[in-house]
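# Reading the structure
Given next are the chains, with one letter for each unit.
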Amino acid sequence: FGFGQNGEDGRCQNTEFRIQKTSSRGMRGALMIDFHRLKVWQKSHALTIQIYHESYRALRKDRSLAAQTRRAAASISANIVEGCGGPSQAELARFLGMSLRSAAELEYHLLLARDVGLLPRALYERLHASTEEVKRMITGLIKKIKGEE
């Protein structure tokens with residue numbers, strides 16, 4: 001994941017995605033990034049799918065907590081996608097910040113589920129490690145966008 005310098009053709013050099021300028025539907029000059037190619041989106045999407053599958057089994061006794069956990073997980077990826085369609089790198093960074101906060105929310109829901117006995121410790125450790133990895137990746141991308149890295 002990362003940003004390179006824009007080439008004359010509008011592509012980012014040394015990156016895994018392209019930044020394209022678009023003029024469709026009044027979005028002239030919008031930042032368009034193919035989110036499918038971002039490793040951070042791929043990891044967060046895989047985490048969301050894992051959360052969906054595991055929450056149906058492990059959290060079936062508390063449907064409300066299961067639903068909140070799934071929403072927090074889905075929000076991580078959704079905010080990455082929304083930021084990729086925004087008008088600027090600053091807007092992308094803003095949505096990545098929201099994604100990071102959703103990951104923190106997911107972290108708490110997993111902790112709560114573990115502490116009330118709904119989520120086995122081994123499963124918690126696995127999901128927590130994946131969540132931490134996604135948070136590190138989001139943080140790294142935010143720093144790269146803001147030029148802090």
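Read on for an overview of the structure. On a predicted model such as this, the values are computed, not experimentally measured, just so you know. Each chain has its residues counted from 1, following the order in which its sequence is written. Confidence filtering applies because this is a predicted model: local features only for residues at pLDDT of at least 70, side-chain atom pairs given and counted only at 80 or more, and all residues used for totals across whole chains, interfaces and linings. Based on all heavy atoms of the structure, the side-chain values leave hydrogens and waters out of the count.

## Notes on the packing of aromatic side chains
Any two of the Phe, Tyr and Trp rings considered here, Trp counted by its six-membered ring, make a pair once their centres fall within 6.5 Å; the pair's planes then place it as stacked at under 30 degrees, edge-to-face at over 60, or tilted in between. Counting across every chain of the model gives two aromatic pairs. In this structure, Arg114 is placed above the aromatic ring of Tyr124, and the distance from its NZ or CZ to the ring centre is 4.6 Å. Consider the ring centre and the ring normal. A charge sits over the ring if Lys NZ or Arg CZ is within 6 Å of that centre and within 35 degrees of that normal.

## Quick word on the nonpolar core
Leu96 and Leu106 are the most contacted members of the largest nonpolar core, which has 34 residues in total. Secondary structure elements follow DSSP: runs of H or I no shorter than four residues count as helices, runs of E no shorter than two count as strands, and numbering proceeds from the N terminus. For this core, the secondary structure elements donating two or more residues are α1 (39-58), α2 (63-84), α3 (89-115) and α4 (121-145). With nine residues, α4 is the largest single contributor of residues to this core. The contact partners of Leu96, leaving out residues within four places of it in the chain, are Ile80, Ile138, Leu141, Ile142 and Ile145. Buried Ala, Val, Leu, Ile, Met, Phe, Trp, Tyr and Cys residues form a nonpolar core when they are joined through side-chain atoms within 4.5 Å. For each residue, the accessible area found with a 1.4 Å probe, counting protein chains only, is set against the maximum for its type, and the residue is called buried under 20%, exposed over 50%, and partly exposed in between. Every residue pair with non-hydrogen atoms within 4.5 Å of one another is taken to be in contact.

## Overview of α4
Expected span of a helix: the number of residues minus one, times 1.5 Å. Here α4 spans 36 Å end to end across 25 residues, near enough to the 36 Å set by a 1.5 Å rise per residue. Taken together, the buried positions of α4 are Leu123, Tyr124, Leu127, Thr131, Val134, Lys135, Met137, Ile138, Gly140, Leu141, Ile142 and Ile145. Following α4 by one or two positions, Gly147 adopts a phi angle in the positive range, close to 75°.

## Concerning the packing of α2 against α3
Between α2 and α3, the shortest axis-to-axis distance is 8 Å and the interhelical angle comes to 165°. The angle between the axes of α2 and α3 places the two elements in the roughly antiparallel class. Judged by the twist between their axes, the crossing of α2 over α3 is left-handed. We call Asp, Glu, Lys and Arg charged. Ala, Val, Leu, Ile, Met, Phe, Trp, Tyr, Cys and Pro are nonpolar, and the rest, Gly among them, are polar. For the contact of α2 with α3, the residue count by class is 15 nonpolar, eight polar and two charged. Lines fitted to C-alpha atoms define the axes, with helix axes restricted to the stretch in contact, and inter-axis angles between N-to-C directions lie between 0 and 180 degrees. For classification purposes, an angle smaller than 35 degrees is called roughly parallel, one larger than 145 roughly antiparallel, one from 65 to 115 roughly perpendicular, and anything else oblique. Crossing handedness: left-handed means the near helix sits turned counterclockwise from the far one by under a right angle, and right-handed means the same turn made clockwise.

Any link to function would need more than the numbers given here.
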